[in-house]
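Coordinate inspection notes
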Amino acid sequence: MAEAKKPKTQKTPASVSKRKASAAKKTKKTKVKLTRTDTTTVEQVVDKQEEKFERVMTSRHQRMVEKAKVRSTMPAPEPAPEVAAVKITDVSGVVYDVADYQSMVDMYDSTIRSIREGEVVSGTVMGVTRDDVIVDVGFKSEGIIPISEFPAPLNIKVGDEIEVFLEQIEDSSGQLILSKQKADFMRIWDKIREVHDAGEEIEGRVVRRIKGGLVVDIMGVDAFLPGSQVALRQVPDFDALINQMMTVKIIKINKSRRNIVISRRVVLEEQRETMRSSLLSEIAVGQIRQGIVKNITDFGVFIDLGGVDGLLHITDMSWGRIRHPSEMVNLGAKIDVKILDFDEKTSRISLGLKQMTPYPWENIEQKYPLGKKVTGRVVSITDFGAFVELEKGVEGLIHISEMSWTQHIKHPSKILNVNDQVEAVILSVDKENEKLSLGIKQMEPDPWATIEEKFPANKVVSGKVRNLTAFGAFVELEEGIDGLVHISDMSWTKRIQHPSEIMKKGDQVEVKILKIDHENRRISLGFKQLTEDPWPEIARKYAVGTDCLGNITKVLDRGLVVDLDGELEGFVPMAQLGHRDPEQASTGFTEGESIPLQVIELDKNQRKVVLSVTAYYQKREQSELEEFLKKHEPRSTTLGDAMPESLKAQAESEPVEAAAAETETAEAPREEAQTAEKAPEAADTATEESASSDDSPEEPKTE
């Protein structure tokens, strides 16, 4: 079955509309290129058409002239007879006389009103719906007005007579267009214009809030109140003004746009200026006036006294301490203030609030005599003490030194907090500078008043090591009472470098009372004084020239520290080791080794003993000295010599890993050796100085 061929249709692009396509076709038809020959042909055609038209019009004109001639020869018609009366009948055949007919015409005319657009007409409410009000104004159709145009929609009832504005007789739908708002506007426009021209004030009610301001009802018409014209200062909440009555002035009107702009700020400024002039003429220093809190800042409060602002500084708000003015006043509150100062040139007014109450420092000496016990609240804490409020406007300082008899308080916050209730004693009163000194440790008896009775000199007591320092150890004898065991009072025979060599923190030790300092509240304790002084016996046993055997305990750059029979510590200077090169002599000795020595100096007062190897071998054969020196040849400080023995053994057993082991551990032994040399050097500074016969003062016995 053969398929039917579809007729070919010319496709129009989708982007081109039918109207544009049609216009394009017409344009193509009219746009024809005409040559000179074609132009001549067209002109001939046009001339022929004009000749034909003249011929047609000429023949028609001739026919009309002929008809007019015929009518002019016809006789004139006779006039119609006069009618004496006309019978008026209706469709049913009833005959009316002239009077009845005229009354019916008058009645009909009364139902049809002549109305024009742009006028205010009277109408009757025919119906009320949820959204609209139907009004009859005597036209062929009723008008519909939105119910939102009525100021009180609930009061609208069927049959009410209202005035409306006729905007348009017929719209596109044949509907009558009416407006209630425009009618109200037209009705009161003259009154509004009179008020505006006279600059008078007018009352209005805030209806609602809109963008940029408020809508205010003035005489039934909506007017715009900009946000900047609501008050003298910015209003935080416009919603709070809804339904409130306010006095305003009309500042701008436009009848064609039915636009009315009002201002409340202008009214307030005029009132303020009037009040300002009156206030400035009456104000005087010392007066008490009522004002409204206008603004609150960190440094004070601005008070509106009625047209003039005054400053209530934070220092004049309370005799006591306040952190911020908002603690005492609120924005918009009414308060009574006192005029402290007034400058007529600048109109600046200084106000005071605390001056309304008596001065609290009056008769302060009678209120708070010295030694009186008082109770107060901690209001502030600083590094040097705590401020306590005894009453409003009266504060006292508890210095950190007046907080405890015995405790070492680093900061007042360790024992006091803000808002704590404390009991204290009045120590001093300074009325001129408004200062009170308080103390809380005076609430208890001073334990140092009877300290000598508890801890007489030379008494042996037991205590707990509370703290260790570089110069001694603090021992707590009882709660809050500490004594110091100086490092020089820890051993008769040994030079102690740190108290930890003798005692540890927390140890329970026995000590001896050496001295009590009342003024500085210090107790000096002794640990070595628990045993008798061995130096008289040491002086006899180790007299100068005595030979002895010393055990090396420390190897220093300047010499050796040796132990003599476990009861005495001596020092061998570098120059007394018998070597020709004293600078490297100590490198040939090791700790724990025993060497022969001779006492060359003994100072019982300085508690030092100086020994010598050279003096010992002066009485011996030269061969003995050479044998001794051969055993103690100075060693060169190479990397291999500084390496520990364990690493040396590992290097011998594992030659493959020797290089790596040496590289990794070379620096560590060197640092250990340097540290070991520096530490004993610092520790035995006094011993070295004694060997060189230089007196070195001991460290002060301080806490």
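Residues numbered from 1 in each chain as written. Predicted model: local features only at pLDDT ≥ 70, side-chain atom pairs only at ≥ 80, totals over all residues. Heavy atoms only, no water.

For the rest of this paragraph, the subject is the overall build of the protein. Helices and strands together make up the secondary structure of the protein, namely 15 helices and 32 strands. Within the protein, contacts between residues separated by at least 24 positions form 60% of all contacts whose residues are at least 6 apart in sequence. Approximately 45,300 Å² of the protein is accessible, and the part contributed by carbon and sulfur atoms is 50%. (Helix = DSSP H or I, 4+ residues; strand = E, 2+ residues; numbered from the N terminus. Contact = heavy atoms within 4.5 Å. Areas by Shrake-Rupley, 256 points an atom, 1.4 Å probe, with all protein chains shown as cover.)

What follows deals with the sheet that holds strand E18 (residues 373-381). Strand pairing within a sheet occurs via backbone hydrogen bonds; the two strands may be parallel or antiparallel. Pairing is mixed in the closed barrel, where 5 strands are placed in the order E18-E19-E20-E22-E21. Shown here is a sheet whose adjacent strand axes are inclined to one another by a mean of 50°, direction ignored. Two elements, strand E19 (residues 385-391) and strand E20 (residues 394-399), share 6 bridges in a ladder whose sense is antiparallel. Bridge assignment links Glu-391 to a residue of E20, and that residue is Val-394. (Pairing = 2+ DSSP bridges. Axes fitted to C-alpha atoms, helices over the stretch in contact; angles between N-to-C directions.)

Attention shifts here to the nonpolar core. Nonpolar side chains in soluble globular proteins tend to be buried together. Grouped together as the largest cluster of nonpolar side chains are 25 residues, with contacts concentrated most on Leu-560, Val-562, Ile-595, Leu-597 and Leu-611. Broken down by secondary-structure element, the contributors of at least two residues to this core are helix H8 (535-541), strand E28 (547-555), strand E29 (559-564), strand E30 (568-573), strand E31 (594-603), strand E32 (608-612), helix H9 (613-618) and helix H10 (622-631). Sequence-distant contacts of Val-562, that is, excluding residues within four places in its chain, are made with Gly-550, Asn-551, Ile-552, Thr-553, Leu-568, Glu-569, Gly-570, Val-572, Leu-597 and Leu-611. Of all hydrophobic cores here, the second largest spans 23 residues; its members include Val-206, Ala-223, Met-246 and Ile-250. (Core = buried A, V, L, I, M, F, W, Y, C linked by side-chain atoms within 4.5 Å. Buried < 20%, exposed > 50% of the residue type's maximum accessible area, 1.4 Å probe, protein only.)

One closed barrel holds the 5 strands; their spatial order is E13-E14-E15-E17-E16, and the pairing between them is mixed. Between one strand and the next, the sheet's axes are offset by a mean angle of 50°, whatever the strand orientation. As paired strands, strand E16 (residues 334-343) and strand E17 (residues 348-352) are joined by 5 bridges and run antiparallel to one another. Its bridge partner being in E17, Asp-343 is matched across the sheet by Arg-348.

The tally for this structure, following the rule as stated, stands at 11 salt bridges. One salt bridge connects Arg-130 with Asp-131, and the closest N-O pair in it is separated by 3.7 Å. With relative accessibility at 45%, the residue Asp-131 sits in the partly exposed group. In this structure, the salt-bridge partner of Arg-377 is Glu-389, at a minimum N-O distance of 3.1 Å. Here Glu-389 lies in strand E19 and Arg-377 lies in strand E18, a separation of 12 residues in the sequence. Glu-389 gets classed as buried once you look at its relative accessible area, which sits at 14%. (Salt bridge = Lys/Arg side-chain N within 4 Å of Asp/Glu carboxyl O.)

What follows is about helix H5 (residues 265-282). Owing to its 3.6 residues per turn, the α-helix brings residues three or four apart onto one side. Between its terminal C-alpha atoms H5 stretches 25 Å, which fits the 26 Å expected from 18 residues at 1.5 Å a residue. Within the sequence span of H5, burial applies to Val-267, Leu-268 and Leu-279. Seen from one end, H5 has its buried residues packed into an arc of 90°, which puts them on one side. Turned more than 90 degrees away from the buried face of H5, the exposed residues are Thr-274 and Ser-281. Elements that come into contact with the buried residues of H5 comprise strand E8 (201-210), strand E11 (245-254), strand E12 (259-263) and strand E13 (288-296). (Expected span 1.5 Å × (residues − 1). Arc of directions from axis to C-beta.)

Within the element layout of this structure, Thr-469 appears in the loop between strand E23 (460-468) and strand E24 (472-478). A residue is classified by how much of its surface remains accessible, and Thr-469, at 17% relative accessible area, is buried. In this structure Thr-469 touches Phe-474, His-498 and Pro-499, once residues within four positions along its chain are discounted.

What follows concerns the packing of aromatic side chains. Summed over all chains, the structure comprises 7 aromatic pairs. Where Phe-384 meets Phe-387, the ring centres are 6.3 Å apart and the plane angle is 85°; that geometry is what we call edge-to-face. On the basis of relative accessibility, which here comes to 40%, the residue Phe-384 falls in the partly exposed class. An aromatic cluster of three or more residues is present, and its members are Phe-589, Tyr-616, Tyr-617 and Phe-628. Here Arg-620 stacks its cationic end above the ring of Tyr-616, 4.1 Å away from the centre of that ring. (Phe/Tyr/Trp six-rings, centres within 6.5 Å; stacked < 30°, edge-to-face > 60°. Lys NZ or Arg CZ within 6 Å of the ring centre and 35° of its normal.)

What follows is about a negative patch on the surface. On the surface, Asp-190, Glu-194, Asp-197 and Glu-200 cluster together to form a negatively charged patch. Assignment of secondary structure puts Glu-194 in helix H4 (residues 180-198). (Patch = residues over 30% accessible without salt bridge, like charges linked within 9 Å, V, L, I, M, F, W, Y side chains within 5 Å. Lys, Arg positive; Asp, Glu negative; His and termini not counted. Charge placed at Lys NZ, Arg CZ, Asp CG, Glu CD.)

Residues Tyr-101, Met-104 and Met-107 make up a contiguous nonpolar surface patch of about 310 Å² in total accessible area. Among the secondary structure elements, Met-107 is positioned in helix H3 (residues 98-111). Residue Met-107 is classed as exposed on the basis of its relative accessible area, which comes to 55%.

All right, on to the pairing of E29 then. Counting buried positions along E29 yields 5 of 6 residues, so the element is predominantly enclosed. In this sheet, E29 lies alongside E28 in antiparallel orientation, the contact comprising 4 bridges. By the bridge assignment for E29, Ile-552 is matched with Val-562. In this antiparallel pair of consecutive strands, E28 and E29, the connection spans 3 residues.

Right, let's talk about the environment of Gly-199 for a bit. Within the secondary structure, Gly-199 is located in the loop between H4 and E8. Considered as a pair, Gly-199 and Ile-250 are 51 residues apart in the sequence and their alpha carbons are 7.4 Å apart.

Our next topic: the environment of Lys-630. One can find Lys-630 in helix H10. Sequence-wise, Lys-630 and Gly-588 are 42 residues apart; in three dimensions their C-alpha atoms are separated by 9.5 Å.

What follows concerns the confidence of the model for the protein. On average, residues of the protein score 75 in pLDDT, and 74% of them are at 70 or above. Here residues 52-56 is modelled with pLDDT under 50, and outside its nearest four sequence neighbours on either side it reaches 0 contacts, counting other chains as well. The low-confidence segment residues 655-703, where pLDDT is below 50, has 67 contacts with residues more than four positions distant or belonging to other chains. (pLDDT = per-residue confidence, 0-100.)

Next up on the list: the pairing of E13. As paired elements, E13 and E16 share 5 bridges and run antiparallel to each other. In the strand pairing of E16, Arg-289 is matched with Val-337. Across 4 bridges, the pairing between E13 and strand E14 (residues 300-304) is antiparallel. Paired with Ile-292 across the bridge in E14 is Asp-304. The turn linking E13 back onto E14 is made up of 3 residues.

Looking now at H10. Turning to H10, its buried residues number three or more, namely Leu-625, Phe-628 and Leu-629. Each buried residue of H10 lies within a common arc of 95° when the element is viewed along its axis, so the set occupies one face. Residues Lys-630 and Lys-631 are exposed on H10 and point more than 90 degrees away from its buried face. Looking at the buried side of H10, the elements it contacts are E31 and H9.

Structurally, Lys-249 can be placed in strand E11. Look at Lys-249 and you get buried, because its relative accessible area is 14%. Setting aside residues up to four positions removed in sequence, Lys-249 forms contacts with Gly-199, Glu-200, Glu-201, Val-261, Ile-262, Ser-263, Val-266, Val-267 and Glu-270.

For residues other than glycine, phi is negative in most cases, and the peptide bonds are mostly trans. Located in the positive-phi region is Asn-419, a residue other than glycine, with phi close to 80°. By secondary structure assignment, the location of Asn-419 is in the loop between E20 and strand E21 (421-430). The phi torsion at Glu-434 lies on the positive side, around 55°, for a residue other than glycine. Relative to the assigned elements, Glu-434 resides in the loop between E21 and strand E22 (435-439). Overall, Glu-434 belongs to the partly exposed group, its relative accessible area being 39%.

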